[in-house]
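One-letter residues, chain by chain:
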Amino acid sequence: VNDHTESPTILIAEDEPDVRALLVYRLSHSGFPFLEAFDGEEALCLAREHLPALAVLDVMMPKVDGYEVTRQLRAEESTRTIRVILLTARAQEADITRGFAAGADDYLRKPFNPDELVARVRAVLGRR
Amino acid sequence: VRVLLAIVLVLSIVNAIVLFALASRRLRLSRHDRREAAIEKRFRPRVHEFLSGGSDLPLGLRRSEEGVLAEMLRRYARILQGSSRRRIAEYFVRRGTVGREMSILASSRRTWRRARAAHVLGDIGSQIATPALIAALTDSRPDVRATAVRSLGKLGSPPEATEALIGAVTDRRVPDALGRWGLLQTGTRGLPVMRSLLMASRPDERATATQLIGFVGDASDATSVERGLHDGSASVRRESALALGRIGGEGDVPALMVTLDDQVPVVRAAAATALGRLRAPASATLLLSHARNDQFEVARAAAVALFEIDPVLATDTAAATENAHLLEVLDLGRLA
């Protein structure tokens, strides 16, 4: 857990170390404090404990996938307001629709552009 | 007994030697892994800074360090796009890696080295590699050709590769699905070549071009695609009908209705599918007739199309006639 500013905290849940490290680098250098999770189960625990403003969730994670994490966040009173951006290599229309149906606010396809991710994070946080 | 003891002794010694060799190899490998992990850890912040548009990567590295750095960058190239990926490609061009891999792809005698070079060039993502990858589509080995398609797709299949890719698909030099995936990566940029291939002498080239136009073309292509409904090749007629279902409009309905009487069943089925996609009410009665009287494949496609166009008519007819195809589509609709 890294908490060095007054900016909204972001939960990054991604099992691929390269992607996670890059997300952490980009978001922390954009001034966001962050939490890191390695799978869906850990993401849910961190979200319940720290109530971040936004979660960037990989769809294909071990233990609990990104769709299910989103659904559970939306189902619980305390975590309902956490914004969710799904990061997915599954770019079929049905997968994207499934993400939105689970309650995601936005999605980004892999391979992704880190600049676009930061822009989307700002945009989604700006909607609050 | 002595002989037996000697054999046991020799086997024990051999066993000990093998165990020792395996253990020392394992140790060497884990030391190597640890060393690489340490190098990666050291370089990671620099790599992230570089990918974010910051300072360039260090020069004058040791060979092992360069190897680890290159592998890291190739991994990042697979998951990134935009300016970060362009920076990776530029780095590899500057370091001479792209030129080296192109040369291996063109001239190595070992298949695995050519295939690896094609793969690496796709990961790096530099457009400079396009001519080398196009040339690799005629490589003597299928592995190299398939990898070249994959890598051209990773480069967004530059338009200059369109004709070569269509040739590779129609000559069956590359797996059909992979080749078509590669072609789809070109998107609308490949349309001029695809349009010119509608007049190609080979029917399979015309069919492939028609299919692709159906995916990436627009309404302005409908007239030239409609001409394909009268082609001598059933494949071209079928692909033309399916393409019109995607990019066509009301003006193409009469021609598709005529195609419902084509002598080849797969063409009739494609025409029925297209009419369903175009939601053409004028074709409802004709589709109903095909759903009741035509061959299995055509009747099924006509039943699906009829449900798209006029669900009430389809449901009433299903109940009244107990037509198997209409009842099946009705059941599938209920399940969905």
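Note: the structure precedes this text.
As the structure is a computational prediction, the values presented were derived from the model and not from experiment.

Asker: I would appreciate a short explanation of the pattern of salt bridges in the present structure.
Answerer: Any two side chains of opposite charge can pair, so long as their charged atoms come close to each other. Tallied over the entire structure, the rule returns 35 salt bridges over all chains. Measuring nitrogen to oxygen at the nearest pair gives 2.7 Å for the salt bridge that ties A:D115 to A:R26. You can see A:D115 sitting in helix α5 (residues 114-126) and its partner A:R26 sitting in helix α1 (residues 17-29), a full 89 residues away along the chain. Its relative accessible area of 34% is what places A:D115 among the partly exposed residues. On the basis of relative accessibility, which here comes to 12%, the residue A:R26 falls in the buried class. The partner of B:E71 in a salt bridge is B:R74, with the nearest N and O atoms 3.4 Å apart. Of this pair, B:E71 and B:R74 both sit in helix α2 (residues 63-79), 3 residues apart, which is roughly one turn of the helix.

Asker: What exactly am I supposed to notice about the pairing of strand β2 (residues 34-37) of chain A here?
Answerer: For a regular strand, the rule is simple: side chains alternate between the two faces of the sheet. All names here are of chain A. Sheet analysis places strand β1 (residues 10-13) next to β2, joined by 4 bridges and oriented parallel. Residue A13 lies in a different strand from β2, and its bridge partner there is A37. In this fold, the crossover linking β1 to β2 by way of α1 has right-handed handedness.

Asker: Help me out: how do you make sense of the layout of surface pockets in this one?
Answerer: Over the atoms, a rolled probe matching the size of one water molecule traces out where space is still vacant. Residues and elements named next belong to chain B. In this structure, the largest pocket occupies an estimated 610 Å³ of space. Counting residues per element, the ones that place at least two in the lining of the largest pocket are α2, α3 (83-94) and α7 (142-154). As a volume, the second largest pocket reaches approximately 520 Å³. Along the walls of the second largest pocket sit 17 residues, with A70, R74, T97, R100 and E101 positioned nearest its centre. Counting only elements with at least two residues in the lining of the second largest pocket, the list comes to α2, α3, α4 (97-107) and α5 (111-124). No other element matches α2, which puts 6 residues into the lining of the second largest pocket. Across the lining of the second largest pocket, the residue classes break down as 6 nonpolar, 2 polar and 9 charged.

What counts, and where the lines are drawn
- Residues numbered from 1 in each chain as written.
- Chains lettered and ligands numbered in written order.
- Predicted model: local features only at pLDDT ≥ 70, side-chain atom pairs only at ≥ 80, totals over all residues.
- Heavy atoms only, no water.
- Salt bridge = Lys/Arg side-chain N within 4 Å of Asp/Glu carboxyl O.
- Helix = DSSP H or I, 4+ residues; strand = E, 2+ residues; numbered from the N terminus.
- Buried < 20%, exposed > 50% of the residue type's maximum accessible area, 1.4 Å probe, protein only.
- Pairing = 2+ DSSP bridges.
- Right-handed = clockwise from strand over helix to strand, strands pointing away.
- 1 Å grid on protein atoms, 1.4 Å probe; cavity = no way out; pocket = protein on both sides within 12 Å on 5 of 7 lines; lining within 4 Å.
- Points joined across faces, edges and corners; volume = space filled by probe spheres on them.
- Nonpolar A, V, L, I, M, F, W, Y, C, P; charged D, E, K, R; others polar.

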